Amino acid sequence: MTEKKEKNTIVKRMMISVVAGFVVGFLCLMIKSHLVGTDSENVWNIIDAIFFQDITATTSIEGIGLFYIVGQLFMHALQMMIVPLVLCSLSLALCSLADPKRLGKIAGKTFVTYLSFYVVAAALAAAGAYFVKTMGWFDVHLPNQQAQELVTMEGYNPLVTVVNAVPSNIISAMSTNSSILSVCVFAIIVGLGLTHMGEKGDFLKKVLENMNEIVQMFLNFLINKTAPVAIFCMITRALAVYGIEYIAPTLVWIAATIVISLLLVCTIYPIGIFLSTGLNPIKFMKKAAKIGLFAAATNSSAATLPLNTKVCTQELGCTKEISSFVLPTGMTINMNGTTAMHMIAITFIGTAAGIDVKPSTLALAAFLSICTAVGTPAIPVAGTTMVYVVMMGLGFNTELCLIGYSLVLAMNYLPGMAVITLNVIGDAATNVIVNAREGVLDKDMYNS
């Protein structure tokens, strides 16, 4: 109850900051339109210098830029935690997955099924996001003076990514947020190495666990205490400086995330169950619907676990033994809804910032997203926090990208309800598939 109450408080703060940001931003926009081009233009210049000035674009102190400073400090604090977050969470996730006591046929089938859903969800979500992008619904038309600041990604051979994935110097790779793929590879090596070492690796594992706890504590503080203020400042400044151009694409991102997530729920899981087991997928969807509705209402995978277990064992014919492994494991590692959301968010952020998001860009984003989603820690708005990791891995670090990210972070609640539905029903679908493949599924109960 305390966790749910705290989450509701965070959501309320976020919503208040969003509403306040839009209200104040519109007021600033109205003041700007009335003052610019008149004899009182200096009044707006003073307001702009005090609150909105980009202090990095000047060679001397031409303004204070209070809102700019608050937004940048928040983003820099997120950047500071990216490398330790990925290294610790992904290494520890692999340690728990590869625990020899838990390995076996059941574990292997579970992980293969989860990974398959990851890949399919990422591919279909990327295709949906690319369609929205080609329709021009994510485009932002900025004034000429802002458009000149846009950057585009240079062309590159996607195979170079394979070579760069293995760093020649891990210290160098960890010193920059643009080499997240290399950090992911190193984290995988560390996680598998610790598993192979057994008890001899307990000391390093304990160090990683303590470091991971510190990272999560800091991110909790950052999201709970400072994010609402930072979001208010960034939204207000975005409206005051760039106008209302971002509003329509943000609404499209919300709608696209919800629609694509629900379409994936209604397609990939029924088809996956039918192809792998031959069972009637409609039976599954009817019984699993209550799991998705409960998850959307509570916005918590942990709170949904008891209901998921009950439905799987008492209605879908799964055994308690396999369910006790598959469902908790899925709650930890199965974030394919998060990966689907990442594909849409990255396409929105990049396109709105003037970057040509290509299929090769989305392929790399999918790989980064799957790696980070597997190790996503249990922190508030964890999925949208990890969007930032994928952004940095792709080099989406311009000011316009950060504006898009701040909107994704602020407006995540409604899309998050659809995303978590995709996650928890995926746990149930995987449970059914593993039980059926093991030959222990009660088909009479399933078909009842």
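Each remark here, short or long, concerns the structure printed above.
For clarity, every value in this text was computed on a predicted model and none was experimentally measured.

A. Structural context of the overall build of the chain. Within the chain, the regular secondary structure consists of 19 helices and 0 strands. Across the 448 residues in the chain, those meeting the buried criterion constitute 53%. Partitioning the intrachain contacts of the chain with sequence separation of at least 6 by distance along the chain shows that 81% fall at a separation of at least 24. If you sum the accessible surface of the chain, you get close to 20100 Å²; carbon and sulfur atoms cover 67% of it.

B. Structural view of the packing of aromatic side chains. Under the defined criterion, the tally for this structure stands at 11 aromatic pairs. Taking the centre distance of 5.7 Å and the plane angle of 85° together, the rings of Phe 52 and Phe 67 count as edge-to-face. Of the two residues, Phe 52 is situated in helix α2 (residues 41-52) and Phe 67 in helix α3 (residues 66-97); the sequence distance between them amounts to 15 residues. The same class applies to Phe 52 as to Phe 67, namely buried.

C. Layout of the pattern of salt bridges. What the rule picks out here adds up to 4 salt bridges. For Glu 438, the salt bridge is made with Lys 109, and the minimal N-O distance between the two is 2.5 Å. Of this pair, Glu 438 sits in the loop between α18 (413-437) and α19 (443-447) while Lys 109 is found in helix α4 (residues 105-134), placing the two residues 329 residues apart along the sequence. Classification of Lys 109 by relative accessible area gives partly exposed; the value is 29%. Here Glu 315 and Lys 290 are joined by a salt bridge, their closest N and O atoms 3.1 Å apart. Note that Glu 315 is positioned in the loop between α12 (301-314) and α13 (320-333) and Lys 290 in helix α11 (residues 281-298), a separation of 25 residues in sequence. Residue classification places Glu 315 among the partly exposed residues on the basis of a relative accessible area of 26%.

Analysis parameters
- Residues numbered from 1 in each chain as written.
- Predicted model: local features only at pLDDT ≥ 70, side-chain atom pairs only at ≥ 80, totals over all residues.
- Heavy atoms only, no water.
- Helix = DSSP H or I, 4+ residues; strand = E, 2+ residues; numbered from the N terminus.
- Buried < 20%, exposed > 50% of the residue type's maximum accessible area, 1.4 Å probe, protein only.
- Contact = heavy atoms within 4.5 Å.
- Areas by Shrake-Rupley, 256 points an atom, 1.4 Å probe, with all protein chains shown as cover.
- Phe/Tyr/Trp six-rings, centres within 6.5 Å; stacked < 30°, edge-to-face > 60°.
- Salt bridge = Lys/Arg side-chain N within 4 Å of Asp/Glu carboxyl O.

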